[in-house]
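# Chain and residue survey
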Amino acid sequence: MTEEIAGRSADELLDVVDEHDRVVGRARRGEATARRLRHRCVSVRVYDAEGRIFVHRRTPGKPVFPSLYDVAVGGVVGAGEEYGEAALREAEEELGVSGLPRPEYRLKFLYESPEHAWFLSVYEVRCELPVAPQAEEVAWWAFLPEEEVERRLPEWDVVPDGLECHRRLGAWHRARRGAGAV
């Protein structure tokens, strides 16, 4: 089953973008990953009704960052899909829910490593629905208070783009508090 899902995932058609996030072509996900073609992804920080953060460990069969912990859900933006649509779709798929409120946009940045290159649009959403994460995607999960997430991060092998999202979201929230926003 996991190989079948990974195969379908590799065939997913993505927009390839330039350094300004403008579409310059299309490629299958497997090709985009293998050739380090810049594409689009979304990351969604999920909170429960008590304000705890959804954290999880990815399954070993994931083609990118297998078995690592993550502090957000998300994935690739399909060809022709808008970031916001992908954020809602990915959050509902990974959490195993439907009827989730539309995630709220926070920021976007270019994530680059020697192996990967993608624009990452970051969102947040409150999920008050009972979650049933996809077994194909999520090996372990919990909603944890932010203080506990911070305490555990140094102990965990964390998805690098998710860790960067976490860092940037923290800065985004601190800047808004400093500007007097509630």
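Remember, predicted model here, so these are calculated numbers, not experimental data.

Further remarks concern the environment of Ala175. Residue position: Ala175 is located in helix α5 (residues 160-178). The spatial distance from the C-alpha of Ala175 to the C-alpha of Cys41 is 24 Å, given a sequence separation of 134 residues.

For the rest of this paragraph, the subject is the pattern of salt bridges. Under the counting rule described, the total for this entry stands at 20 salt bridges. Among the ionic pairs, Lys108 bridges to Asp21, the shortest N-O distance being 2.7 Å. Placement of Lys108 in strand β7 (residues 104-112) and of Asp21 in the loop between β1 (13-17) and β2 (23-28) is noted, with a sequence separation of 87 residues between them. In this structure, Glu93 engages Arg89 in a salt bridge whose closest nitrogen and oxygen atoms are separated by 3.7 Å. Of the two residues, Glu93 and Arg89 both sit in helix α3 (residues 83-95), four residues apart, roughly one turn of that helix. Given a relative accessible area of 22%, Arg89 falls into the partly exposed group.

Okay, the packing of aromatic side chains next. Going through the model one piece at a time under the given rule, you end up with nine aromatic pairs. When the centroid spacing of 6.3 Å and the interplanar angle of 75 degrees are considered together, the rings of Phe65 and Trp118 count as edge-to-face. Residue Phe65 is located in the loop between β4 (53-58) and β5 (69-70), and its partner Trp118 is located in strand β8 (residues 117-126); the two are separated by 53 residues in the primary sequence. Comparing Phe65 with Trp118, the two get one shared label, buried.

Now for the side chain of Lys62. As for its placement among the helices and strands, Lys62 is situated in the loop between β4 and β5. Here Lys62 falls in the buried class, since its relative accessible area comes to 14%. At a separation of 2.6 Å, a polar atom in the side chain of Lys62 contacts the side chain of Glu137. When near neighbours in sequence (up to four residues on either side) are disregarded, Lys62 contacts Glu136 and Glu137.

Looking now at the pairing of β2. Bridge analysis of β1 against β2 gives five bridges, and the strand direction is antiparallel. Paired with Val17 across the strands is Val23, a residue of β2. If you look at the hairpin formed by β1 and β2, you'll find five residues sitting between the two strands, and Asp21 has a positive phi there, around 65 degrees.

Conventions adopted
Sequence order sets the numbering: in each chain, residues are counted from 1 along the sequence as written. Whole-chain, interface and lining totals are the exception, using all residues; otherwise, since this is a predicted model, local features are given only for residues with pLDDT of at least 70 and side-chain atom pairs are given and counted only at 80 or more. Each side-chain value is derived from all of the structure's non-hydrogen atoms; neither hydrogens nor water enter the calculation. By definition, any uninterrupted DSSP run of H or I lasting at least four residues is a helix, any uninterrupted run of E lasting at least two residues is a strand, and each is numbered from the N terminus. Definition used for salt bridges: Asp or Glu carboxyl oxygen within 4 Å of a side-chain nitrogen of Lys or Arg. The cut-offs for exposure are 20% and 50% of the maximum accessible area for each residue type, with area from a 1.4 Å probe on protein chains only; residues under the lower value are buried, those over the upper are exposed, and the others partly exposed. Ring geometry is summarised as follows: Phe, Tyr and Trp rings, the Trp one being its six-membered ring, pair when their centres sit within 6.5 Å, and such pairs are stacked at plane angles under 30 degrees, edge-to-face over 60 and tilted between the two. Any pair of nitrogen or oxygen atoms within 3.5 Å is treated as a polar contact; in protein, a donor-acceptor pairing is required on top of that, and neighbouring residues in sequence qualify only through side-chain atoms on both sides. Contact between two residues is taken to exist if any of their heavy atoms lie within 4.5 Å; hydrogens are not considered. At least two bridges found by DSSP between two strands is the condition for calling them paired.

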